[in-house]
Amino acid sequence: MYRNTLLKRVFGVAASAMLAFASTSVFAEGLLEKARSQGITIGVGNDIPYGYITPDGGAAGISPDVAKKVLNGMGITKIRWKGMPFGQLIPAVKSGRIDLAATSQNVLPERCKQVAFSRVNSSYGEGLLVLKGNPYKIHSYTDIKNNPQVKLGIMTGADELNFAQATGIPQSQIVLVHSNADSIPALLSHRIDALAATGLSVYEIAKKAPSKVERAEPFTQPMFHGKPTRSYGAFSMRKSDVAFLKAFNAELDKVQKTPFWANTLEHYGLSKEDVQAARAVRTADLCRGE
């Protein structure tokens, strides 16, 4: 009787150890092997030209185009694209609703605390969208701060809120919009008098209604932490997906050494200066706020 009880305990311990080992192996496998065998879900913030959903359910833009190339090199060919508001990308990554965010999110210290960022993939400056003729003569964030009548539209979750606050624009002058696509109706209805967005976003939106809206030109870049603003976009993923991040960065490094990478960025409107700026920084430095 005692021997039978002892054997049951021994087998029980062994079975528990095997289950624990199996669980550890599955955890260690993580996103990298899962993506290779089952595919990957990528979130896109519908912000042209950084990343947007196409009519056929696919995706295009600076980040999706590069992501496809990188993932293919990693042996990942099945991609499920999911469009969502920009401000939901990081929460979706953290909760596991998406595995990767591909909309050139600016690498900022507060974001680095929540998700892991890849190597820098793009770089871009800021801009303002205004009504045709620029009735308030807005050419900088400071012009907005100095005119209490002006309402500044900012996409929910976008970095421009930080830039506006750093300039001293009061909350009473800031209006959050669901997406940059909402900016033209918001301007025409006078809900906002200007939209703050990246220079490329402003350029793309202005092309949709050139007789009604335009880029504020000339434009003075806002200052942030004592420097003229320049954003550095990267892909974001869960901090626990260490093996995936390592493999993704290795493949992205290879892609960035080919003509495809620079040609893709320039195709969507980034300048050679923007491309060189993206090459010149390290994600770790940006996460430290340097």
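In what follows, the structure referred to is the one given above.
Below is a summary of the structure that appears in this document. Predicted, not measured: the structure shown is a model, and the values here were computed from it.

1. Focus: the pairing of strand β9 (residues 174-177)
Of the strand pairs in this sheet, strand β8 (residues 152-155) and β9 are connected by 4 bridges, and their pairing is parallel. Considered in β9, the bridge of I154 is made with L176. Between the parallel pair β8 and β9, the chain is carried across by helix α6 (residues 160-167), and the sense of this crossover is right-handed.

2. Focus: a positive patch on the surface
A cluster of like positive charges, contributed by K34, K78, R80, K82 and R97, occupies part of the molecular surface. Of note, K78 is situated in the loop between α2 (62-73) and β4 (79-83).

3. Digging into the state of the cysteines
Here, disulfide denotes a covalent bond that connects the sulfur atoms of two cysteines. Evaluated as defined, the whole model comprises 1 disulfide. Here C112 pairs with C287 through a disulfide, and the sulfurs are 2.0 Å apart. Taking the sign of the S-S torsion, -70° for the link of C112 and C287, the bridge is left-handed. Taken together, the residues span a long stretch of sequence, with C112 in helix α4 (residues 109-112) and C287 in helix α12 (residues 283-287) at a distance of 175 residues.

4. Points about the environment of Q221
Checked against the element boundaries, Q221 lands in the loop between β11 (213-215) and β12 (223-224). Take Q221: its relative accessible area is 26%, and that puts it in the partly exposed class. Measuring from C-alpha to C-alpha, the distance between Q221 and Y141 comes to 8.0 Å, with 80 residues separating the pair along the chain. Not counting chain neighbours up to four residues away, the residues in contact with Q221 comprise G125, E126, P228 and T229. Side-chain polar atoms of Q221 contact the backbone nitrogen of E126, separated by 2.9 Å.

About the criteria used
Residues numbered from 1 in each chain as written. Predicted model: local features only at pLDDT ≥ 70, side-chain atom pairs only at ≥ 80, totals over all residues. Heavy atoms only, no water. Pairing = 2+ DSSP bridges. Helix = DSSP H or I, 4+ residues; strand = E, 2+ residues; numbered from the N terminus. Right-handed = clockwise from strand over helix to strand, strands pointing away. Patch = residues over 30% accessible without salt bridge, like charges linked within 9 Å, V, L, I, M, F, W, Y side chains within 5 Å. Areas by Shrake-Rupley, 256 points an atom, 1.4 Å probe, with all protein chains shown as cover. Salt bridge = Lys/Arg side-chain N within 4 Å of Asp/Glu carboxyl O. Lys, Arg positive; Asp, Glu negative; His and termini not counted. Charge placed at Lys NZ, Arg CZ, Asp CG, Glu CD. Disulfide = S-S within 2.5 Å. Buried < 20%, exposed > 50% of the residue type's maximum accessible area, 1.4 Å probe, protein only. Contact = heavy atoms within 4.5 Å. Polar contact = N/O pair within 3.5 Å; in protein donor to acceptor, adjacent residues only side chain to side chain.

Read these as geometric descriptors, not functional statements.
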